[in-house]
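Here are the chains, one letter per residue:
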Amino acid sequence: MANIKSAKKRVVTNETKRVKQQAFKSATRSAVKEFYKKVENNDEAGAKELFLLASKKVDKAADKNIIHHNAASREKSRMQKHLNKIAQ
């Protein structure tokens, strides 16, 4: 454990931030998984709706530096490809 007062504060701050980021990342992953379930079931309308939600969450995670912006773009691109396949 840290001895300096400011270092003790940082430990608490970092833990709080870690927990919030972990929850946000989990929610983002869940949204993406739900989208892929709809794609798997060929539910085009549901998939479109969840695509908007999932891409919004992915973008927000990138804005908050929880995931890298290139990773966010890559994930959105993959989801769009799957959506286009079932839309044909």
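Keep in mind it's a predicted model, so treat the numbers as computed, not measured.

Asks: Honestly, the packing of aromatic side chains in this entry has me stumped. Any pointers?
Replies: For any two aromatic rings, the description comes down to two numbers: the centre-to-centre distance and the angle of the planes. Tallied over the full model, the rule gives 2 aromatic pairs. With centroids separated by 5.3 Å and ring planes inclined at 65 degrees, the aromatic side chains of Phe35 and Tyr36 adopt a geometry described as edge-to-face. In this structure Phe35 comes out as buried when scored by relative accessible area, which is 0%. According to the relative accessible area criterion, Tyr36 is partly exposed, its value standing at 25%. Between Phe35 and Phe51 the ring centres are 5.9 Å apart and the planes differ by 55 degrees, which places this aromatic pair in the tilted class. In this pair, Phe35 sits in helix 1 (residues 5-40) while Phe51 sits in helix 2 (residues 44-63), placing the two residues 16 residues apart along the sequence.

Asks: Before we go on, may I ask you to explain the environment of Glu15 in this structure?
Replies: When you line up the elements, Glu15 lands in helix 1. When the C-alpha atoms of Glu15 and Gly46 are compared, they prove to be 37 Å apart, with 31 residues separating the residues in sequence. Engagement of the side chain of Glu15 in a polar contact is seen with the side chain of Arg18, the distance being 2.7 Å.

Asks: When you look at the side chain of Ser55 in this model, what are you seeing that I'm missing?
Replies: Checked against the element boundaries, Ser55 lands in helix 2. Residue Ser55 is classed as buried on the basis of its relative accessible area, which comes to 9%. Those residues in contact with Ser55 that lie beyond four places of it in its chain are Lys76 and Met79.

Asks: Could you clarify how one ought to interpret the nonpolar core in this entry?
Replies: Grouped burial of nonpolar side chains is what soluble globular proteins tend to show. Core analysis: the largest hydrophobic core is formed by 14 residues, its most contacted members being Phe35, Ala47, Met79 and Leu83. Sorting the residues of this core by element identifies helix 1, helix 2 and helix 3 (69-87) as the ones contributing at least two each. Once residues within four sequence positions are removed from consideration, Met79 is found in contact with Val32, Phe35, Tyr36, Phe51, Ala54 and Ser55.

Asks: What should I look at first to understand helix 1 in this one?
Replies: Residues spaced three or four apart along an α-helix face the same direction, because each turn holds 3.6 residues. The end-to-end C-alpha distance of helix 1 is 53 Å, a good match for the 52 Å that 36 residues give at a rise of 1.5 Å each. Those residues of helix 1 that fall on the buried side of the exposure criterion are Thr28, Ala31, Val32, Phe35 and Val39. Just beyond helix 1, the residue with positive phi is Asn42, at close to 55 degrees.

Asks: Would you take a moment to explain the pattern of salt bridges for this structure?
Replies: One side chain can pair with another of opposite charge once the charged atoms of both are near each other. Applying the stated criterion across every chain, the model contains 5 salt bridges. Linking Glu15 and Arg18 is a salt bridge whose minimum nitrogen-to-oxygen distance equals 2.7 Å. In this pair, Glu15 and Arg18 both sit in helix 1, 3 residues apart, roughly one turn of the helix. Residue classification places Glu15 among the partly exposed residues on the basis of a relative accessible area of 37%. By relative accessible area, which is 42% here, Arg18 ends up partly exposed. With its nearest N and O atoms 3.4 Å apart, the salt bridge here joins Glu44 to Lys48.

Criteria and cut-off values
Counting from 1, residues in each chain are numbered in the order their sequence is written. Local features in this predicted model are restricted to residues whose pLDDT is 70 or higher, and side-chain atom pairs enter the listing and the counts only when it is 80 or higher, whereas totals over whole chains, interfaces and linings include all residues. Hydrogen atoms and water are omitted, and side-chain values are computed over all heavy atoms in the structure. Between 30 and 60 degrees the pair is tilted, below 30 it is stacked and above 60 it is edge-to-face, where a pair is any two Phe, Tyr or Trp rings, Trp via its six-membered ring, whose centres lie within 6.5 Å. Only protein chains enter the area calculation, which uses a 1.4 Å probe; residues under 20% of their type maximum are buried, those over 50% are exposed, and those in between are partly exposed. Only runs of H or I of at least four residues qualify as helices and only runs of E of at least two qualify as strands under DSSP, and these elements are numbered from the N terminus. Any N or O atom pair separated by 3.5 Å or less is treated as a polar contact, with the protein-specific requirement of one donor-capable and one acceptor-capable atom, and with residues adjacent in sequence counted only for side-chain atom pairs. The contact definition used throughout considers only heavy atoms, calling two residues in contact when any of these lie within 4.5 Å. The term nonpolar core refers to a set of buried residues drawn from Ala, Val, Leu, Ile, Met, Phe, Trp, Tyr and Cys, joined through side-chain atoms within 4.5 Å. Expected helix span is computed as 1.5 Å times (number of residues minus one). The term salt bridge refers to a side-chain nitrogen of Lys or Arg lying within 4 Å of a carboxyl oxygen of Asp or Glu.

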